[in-house]
Amino acid sequence: DILRTSEAFVDEMNRGLRGEDSSLMMICTYISPEGEIPPGEPVIAVDAGGTNFRVALVRFDEKRMPVIDYFKTYPMLGTERELYGQEFFDTVSQYLLPVIDRSRKIGFCFSFPTEILPNKDGRLIMFDKEVRVRDVEGVNIGEQLLKILKKKGVAEDKNIVLLNDTVATLLGGKASNPERTYDSYIGFILGTGTNTCYIEDNRNITKVPSVAMQEGFTIINIESGGFDKVPRGEIDIRFDSSTDNPGAQKFEKMISGAYLGRLVLEIMKIAAAEGLFSKEFAGRIREIRNLTTRDINEFTLSGHFDCGNEADEKDRVILYYIIDSVLERAARLAAANLAGVMLKTGKGKNPCLPVCVAA
Ligand code: BGC
């Protein structure tokens, strides 16, 4: 029920802003949506997500178009094997060294629940999306990174700003469309994980009195993947308990890329045990250890599943409907999430002045 879910979402947003118990963290970013982009100034841009780790050097030209002077992608640390914080920071600083002397400013897009501090550094709350790095919870990411860089001989003081990927997306949406006026902006990620941020009137951020007292607007990182006021089924609950962080990120586990393939596999296994599929295909399903979101995407596009000849036409049709309903549910939940944010702000009621959702 999209409307009921979005109303529950608004309730949780309000509770989180007041600092009351809520499944939505409503993290104050201390970043205002206002401000001008200084042309010509290079900035080191770092991006740590659930799949990739990227380093770039970016500047804006006179026409405010981004120019990328350096760009490297690595697999995200802690996705291929578990590691400790020491190695994490060591490797990250190593990745930064080729560009470290090119700018004093580092923008670190860090896509994990992180409490942002007034100096715009961030203290990690937890890794999620099945990223496994130990002993970093509670650590100030920027401060620790700068310490290691100093040890490696980087003398200059750097200014590091940690921001969530949804926040970078909201600001990116704003920067890439300067000639159009919008009533407000939303940053939405539905990738390996999911999350949403939006612009809040400072007066409503009562859990941070120093912000609430100042006139103006601040971007709030909702951490919408943690939303838990949504009905889950038996299979969701069973699947959740098989993940690296049972009980956390319930909403994310119903809609995002790190989980959809695995959730479908869980359903397939139960469907097979309950006799929905042919004996041959059920036997094949029992052997499948891993199914990715990419796999189910390919199946819905091509109608084929890499499973030898075991699946007959009827099996394929049943499988299609299973996947289709999981995806439709995800779409409805994502819609309820965005609708909730719109309802909360009351923005975008005038069709000539819409809300820009940068997704
Ligand atoms: C994280 C968020 C992030 C989102 C999208 C979630 O797992 O908790 O901080 O924004 O993934 O990358």
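Residues numbered from 1 in each chain as written. Predicted model: local features only at pLDDT ≥ 70, side-chain atom pairs only at ≥ 80, totals over all residues. Heavy atoms only, no water.

Observations regarding the nonpolar core
Quick reminder of the rule: Nonpolar cores are built from buried Ala, Val, Leu, Ile, Met, Phe, Trp, Tyr and Cys residues. Side-chain atoms within 4.5 Å join them into one set. Three labels apply to residues, based on accessible area from a 1.4 Å probe with only protein chains included: buried if under 20% of the type maximum, exposed if over 50%, partly exposed otherwise in between. Counting from the N terminus, the helices are the DSSP runs of H or I reaching at least four residues and the strands are the DSSP runs of E reaching at least two. Any two residues having at least one pair of non-hydrogen atoms within 4.5 Å are treated as being in contact.
Counting residues in each nonpolar core, the largest one holds 36 residues, and the members touching the most others are Phe53, Phe88, Leu96, Phe108, Phe110 and Phe127. Broken down by secondary-structure element, the contributors of at least two residues to this core are β2 (43-48), β3 (52-60), β4 (66-75), α2 (85-96), β6 (105-110), α3 (141-151) and β10 (159-163). For this core, the element with the most residues is α2, which contributes five residues. Once residues lying within four places of it in the same chain are set aside, the contact partners of Phe110 are Ala48, Phe88, Leu124, Phe127, Ile141, Leu162, Leu163, Asn164 and Asp165.

Examining the pairing of β2
The condition is simple: Whether two strands pair depends on DSSP finding at least two bridges between them.
Relative to β3, β2 is paired through six bridges, and the arrangement is antiparallel. Across the sheet, the residue bridging to Val43 is Val58, located in β3. Linking β2 back to β3 in an antiparallel pair, the connection comprises three residues. Pairing of β2 with β6 involves five bridges; the strand directions are parallel. Paired with Asp47 across the bridge in β6 is Cys109.

Here we look at the site of the ligand
For clarity, the cut-off: Near is defined per residue: the residue qualifies when any heavy atom it owns lies within 4 Å of the molecule or strand. Any N or O atom pair separated by 3.5 Å or less is treated as a polar contact, with the protein-specific requirement of one donor-capable and one acceptor-capable atom, and with residues adjacent in sequence counted only for side-chain atom pairs. Surface accessibility follows the Shrake-Rupley procedure with a 1.4 Å probe radius. Residue values consider only the protein chains on display as shielding.
In the vicinity of the ligand there are 14 residues, among which Asp128, Asn164, Asp165, Glu223 and Glu252 approach most closely. The backbone of Phe112 places a nitrogen or oxygen atom 3.5 Å from an oxygen atom of the ligand. At a separation of 2.6 Å, an oxygen atom of the ligand approaches a polar side-chain atom of Glu252. Coverage of the ligand by the protein amounts to 98% of the 310 Å² it exposes when considered alone.

Considerations on the packing of aromatic side chains
Geometry of an aromatic ring pair is reported as the spacing of the ring centres plus the angle between the planes. Stated formally: Ring pairs shown here join Phe, Tyr and Trp side chains whose ring centres sit within 6.5 Å, with only the six-membered ring taken for Trp; geometry is labelled stacked below 30 degrees between planes, edge-to-face above 60, and tilted in between. In this scheme, Lys NZ or Arg CZ marks a charge over a ring once it lies within 6 Å of the ring centre and within 35 degrees of the ring normal.
Using the criterion set out here, one finds 15 aromatic pairs in the structure. Ring centres 6.3 Å apart and planes at 50 degrees place the aromatic pair Phe299 and Tyr320 in the tilted group. Of this pair, Phe299 sits in helix α10 (residues 293-302) while Tyr320 sits in helix α11 (residues 313-345), placing them 21 residues apart in sequence. Classification of Phe299 by relative accessible area gives buried; the value is 0%. Here Tyr320 and Tyr321 contribute two aromatic rings whose centre-to-centre distance is 6.4 Å and whose plane-to-plane angle is 90 degrees, an arrangement assigned as edge-to-face. Overall, the relative accessible area of 33% leaves Tyr320 in the partly exposed class. Take Tyr321: its relative accessible area is 57%, and that puts it in the exposed class. Members of the aromatic cluster, each reached through a chain of ring pairs, are Phe88, Phe89, Phe108, Phe110, Phe112 and Phe127. Here the guanidinium or amino end of Lys129 rests over the ring plane of Phe112, the centre of that ring lying 4.6 Å away.

Remarks on the pattern of salt bridges
Rules: For salt bridges, the criterion is a side-chain nitrogen of Lys or Arg within 4 Å of an Asp or Glu carboxyl oxygen.
On inspection of all chains with the given rule, the structure shows 23 salt bridges. One salt bridge connects Lys229 with Glu12, and the closest N-O pair in it is separated by 3.8 Å. Placement of Lys229 in the loop between β13 (217-221) and α6 (234-241) and of Glu12 in helix α1 (residues 2-17) is noted, with a sequence separation of 217 residues between them. When its relative accessible area of 5% is taken as the criterion, Glu12 is described as buried. Within the structure, one salt-bridge network assembled from shared partners comprises Glu12, Asp228 and Lys229.

Digging into the environment of Glu287
Along the chain, Glu287 turns up in helix α9 (residues 279-287). With relative accessibility at 54%, the residue Glu287 sits in the exposed group. C-alpha separation for the pair Glu287 and Lys269, spaced 18 residues apart in sequence, amounts to 9.6 Å.

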